[in-house]
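Structural overview
Residue strings, one per chain:
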Amino acid sequence: MIAEAEVTRRSFLKLAGGAGAVFVLGSFTSIACAGSHSEAAPFEPNAFVSIDRDGTVSITICKSDMGQGVRTSFAMMAADEMDADWSKVKAVNATGNDRLYGGQMTGGSSSTTGSGYKYRQLGAAARVMLIGAAAQKWGVDPSTCTTSNGQVLHAASGRSADYGSLTAEAAAQPIPSGQIALKDPSQFKIIGKPTNRVDNLLVVTGKAQYGIDVRLDGMLIAVIARPPALGQFAQSFDDTEVRKIDGVTEVLKCGVGVAVVAKNTWAAIKGREALKVTWSPNPSVGQSTNSFSSQLHAAAIANPEPPAGARVIEATYEMPYLAHVTMEPLNAVADVRADRATVWVGAQGPDGVRKATASQLGLPEDAVTVNLMLLGGGFGRRAINDFTADAVNLSKGLGAPVKVIWTREDDVRHDFYRPMNIQVLQGALDTTGTPVAWSHQFIQTDPGRDGGGDFQGRRISYNIPDAVMRHAAVRTPVQIGQWRSVEFGMENFGVECFIDELAHAAGADPYEFRLKLANDTCKRVLQAVAEHGGWGQKLPAGSGRGIALFQGYSGACAHVIEVKVVGKKIKVTKAVAVVDCGLCINPKTVEAQIMGATSDGIAIALTAGIHHKDGVVVESNFDDFVWTAMNTIPKVEVIILPGGPNPGGMGELGVPSVAPAIANAVFAATGQRARKLPIVLDGMV
Amino acid sequence: MPQYTLNVNGTEHTVEALPDMPLLWALRDMVGLTGTKFGCGIGACGACTVILDGKEQRSCQMSIADVGSSKIRTIDGLPGDGSHPVQQAWLELDVPQCGYCQAGQIMSAVALLERNPHPTDADIDRAFGDHICRCGTYPRIREAIHAAAKVTQ
């Protein structure tokens, strides 16, 4: 155990007492690292890197892993700089605590770009101290020592020492001050090498622990009946039939709904089915997808005056609300006591859960422990803490540990959705077919916002003079949230479909047209995707090939996608993606992220949408909110271009170019523009 | 409450449960084996797949009363060192992302390979048509099934 309280501000390294000597290196101000403590902040010891006597290197991961692989990539970055033996490296989840670990909200593809450098510096600092320890032991100059695969080596004398044997001496070494030299990429042994994820063995043996797997003595399970329509609440309930079910222990109001609490999950689910709730009158009659659509279209304003004599092209696109449907349905476990509380949850921001729980209970933050579990998917849904609050509330009220489980129906119908939106685009071509003006109105739904600004200058990835954009919102009662690739995932659909429409209007090849207008980064990506994607090669009738680009998250990605259209059925038959993600930390993760992003884009383009009728969500589960499956996803070829010195964010980069590439491929195959998602060929204009 | 004896991974477990309790919740809540995952509750996603007398079974779609003396195999019963050829292929090809659906995918792969040691892509499409991986690991799952098939050849 690490005796945290004994670590002082001057000593960031701690040797634990007893048999298990541990070298511990925290985040400290003497090393200029991202997210380090300010002098004014209270110091609390932390442990980003620790080494056990048996040589096990534990790297504490300050961000949440929801499948994007951050537990692996952060561990790789620290391990490479310290020349650790990768087979002895472990990733350990941090608890929710921003004072120890800095902000933990995992989103915006910001983990690697924001904190990756810190892990490299921590690894490098640990290495300097391990060398110092060995050099002292041997009475040699540290500069004559080297490191390799978990050992300090002294070539002149042929001596070597395992890191595990140096923990005590290393802990006594001074902390390196100032900037520590990091490896030149040519020296990397782990970074940039295809590396399997650290959690794989746990997953394939069924031992990986997600929030839903937490079991505590005396734990009760709660399922909550939620209002069917937006704005409703439970007025009263009749639990006569519920109480007859063996295992049900409590039925009580919980927020706007009613919680059925039981000794096991099935009794809780069954209890909810038997529950009769009188809901308040539906205030959302008439609040339906069609009315939302009308609101959005009515909020469009006149496009800017195009340059005189130019040829004007216009198009409007529409995207539905989108649910996150994380594979692991939402859940949280809370054990609230009089003076403290413990929460087990898969959350994208465990530090935020801690603050919210402390404030909910009127406890100091120090009295709240948030144990971060693995996340069975996030996609932005687990960035919102609504599902934890219910567990905390119920545990407090019932005086027992409580796990709140959402069924899939709860999840689909009570999400914070990606907003429904329309996009009004106008472009102008001169007589040579060159774009001379571009305007883009992005109008989304929002429960808290209405109205919009004027057109503003906006840089897009294409060199088009007078490019402007306008953001606006219309108020609907549907709650919204962030969805993997957030605004880019929506806006890029308009941009990349419309640039295709301009190319067609100009009589140009969509790839060549983009290439002429693209900046250098995008040119390279476009050229590579055209080459690998077989751009220009003939396809059989009924098939089409589409291209789309996205630049963002400190990188760029382009897709070439082929579809085959049979009757009204669209099948994606081939997908090729090219990525420039800067410094690639783990090619296997980059490939996996692009593969997953392609799957998302296929669902977004072809099958998935959330619709409303009188304030009630129409879809309810995977049978009607249709995602992807083995037979709807082609092999995804991913090409990673050599990138710059700094890593970009990979979690979202691959999403925005997929749906427009598909829509453009559908046009190539059918001559019909797909301007409304999900694409339905029947009834298209 | 009625008692049921379940044969799970070769071990008998006697549990008290409502007769309509899905096998999924019996395994997770009563037996205490949490490797099998809840995904949809309607048999549409495959996360809860176990092997019942050699065949894939969505454990959310079978009540405990209907299990009888059938032999149930779950991911928890695969070797703890990951040495089963399907586990090996999954590890080698780095299939999991969030990992949550993989217990079901792996059990379906085990069942498929036991009855069809050399599945074609079409066989895999058929067997995995109702398996959702929200992270989109499908291409690697397919590759891993082929790789495991080669090993068992």
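Now for a quick tour of the structure. In this text, all values refer to a predicted model and were calculated from it rather than measured experimentally.

Regarding the overall build of chain B
- A count of helices and strands for chain B gives 5 helices and 5 strands.
- Helices and strands appear in chain B in the N-to-C order β-β-α-β-β-β-α-α-α-α.
- Computed over the C-alpha atoms, the radius of gyration of chain B is 15 Å, within 12% of the 15 Å expected from 2.2 N^0.38 for a compact globule of 153 residues.
- Classification of the 153 residues of chain B by burial places 61% in the buried group.
- A total accessible area of about 5,300 Å² is found for chain B, and carbon and sulfur atoms account for 47% of it.
- Both charge centroids of chain B, one from 12 positive and one from 17 negative side chains, sit 5 Å from each other.

Quick notes on the sheet that holds strand S24 (residues 555-566) of chain A
Residue and element names in this part refer to chain A.
- One open sheet holds the 4 strands; their spatial order is S23-S24-S25-S28, and the pairing between them is mixed. Each edge of the open sheet is held by one strand with a lone partner, namely strand S23 (543-552) and strand S28 (636-640). Each neighbouring strand pair of the sheet contributes to a mean axis angle of 15°, computed without reference to strand direction.
- The sheet contacts of helix H16 (residues 658-670) involve S23, S24 and strand S25 (569-580), and relative to S23 the element is tilted by about 155°.

Observations regarding the interface of chain B and chain A
- The partner chain A presents 60 residues to the 55 residues of chain B that form the contact.
- Buried area between chain B and chain A, both sides added, is near 4,700 Å², and the carbon and sulfur share of it is 60%.
- Among the residues of chain B in contact with chain A, Gln97, Arg134 and Tyr138 of chain B are the three that bury the most area, contributing 17% of the side total.
- For Arg28 of chain B, the salt bridge goes to Asp213 of chain A, with nearest N and O atoms at 3.0 Å.
- Counting the contacts that link chain B with chain A gives 28 residue pairs in polar contact (both at pLDDT 80 or more).
- Elements supplying a minimum of two residues to the side of chain B that touches chain A: helix H1 (23-31), helix H2 (85-92), helix H3 (102-115), helix H4 (121-127) and helix H5 (138-152) of chain B.
- If one sorts the elements of the side of chain B that touches chain A by residue count, H5 of chain B sits on top with 5 residues.

Definitions and cut-offs
As a convention, each chain's residues are numbered from 1 in the sequence order in which they are written. Each chain is given a letter, starting from A, and each ligand a number, starting from 1, according to the order in which they appear as written. Whole-chain, interface and lining totals are the exception, using all residues; otherwise, since this is a predicted model, local features are given only for residues with pLDDT of at least 70 and side-chain atom pairs are given and counted only at 80 or more. Side-chain metrics rest on all non-hydrogen atoms present in the structure, leaving aside hydrogens and water. The numbering of helices and of strands both runs from the N terminus, where a helix is a DSSP run of H or I of at least 4 residues and a strand a run of E of at least 2. When we talk radius of gyration, it's over C-alpha atoms, and the globule rule is simply 2.2 Å times the number of residues to the 0.38. Residue burial is assigned from relative accessible area. The probe radius is 1.4 Å, only protein chains are included, and a residue is buried under 20% of its type maximum, exposed over 50%, and partly exposed in between. Only the protein chains shown count as covering a residue, and every accessible area follows the Shrake-Rupley method with a 1.4 Å probe. Charge counting treats Lys and Arg as positive and Asp and Glu as negative, with His and both chain ends excluded. A charge is said to be at NZ when it belongs to Lys, at CZ for Arg, at CG for Asp and at CD for Glu. At least two DSSP bridges between two strands are needed for those strands to be called paired. Axis angles are defined between N-to-C directions and span 0 to 180 degrees, where every axis is a line fitted to C-alpha atoms and, for a helix, only to the segment in contact. Any two residues whose heavy atoms approach within 4.5 Å at even a single point are treated as in contact. Buried area, as used here, totals the accessible surface that two parts lose on assembly, with accessibility defined by a 1.4 Å probe and the loss added over both. Counted as salt bridges are all cases of a side-chain nitrogen of Lys or Arg within 4 Å of a carboxyl oxygen of Asp or Glu. Two N or O atoms count as a polar contact when they lie within 3.5 Å, although within protein this holds only if one can serve as hydrogen donor and the other as acceptor, and sequence-adjacent residues are included solely when both atoms are side-chain atoms.

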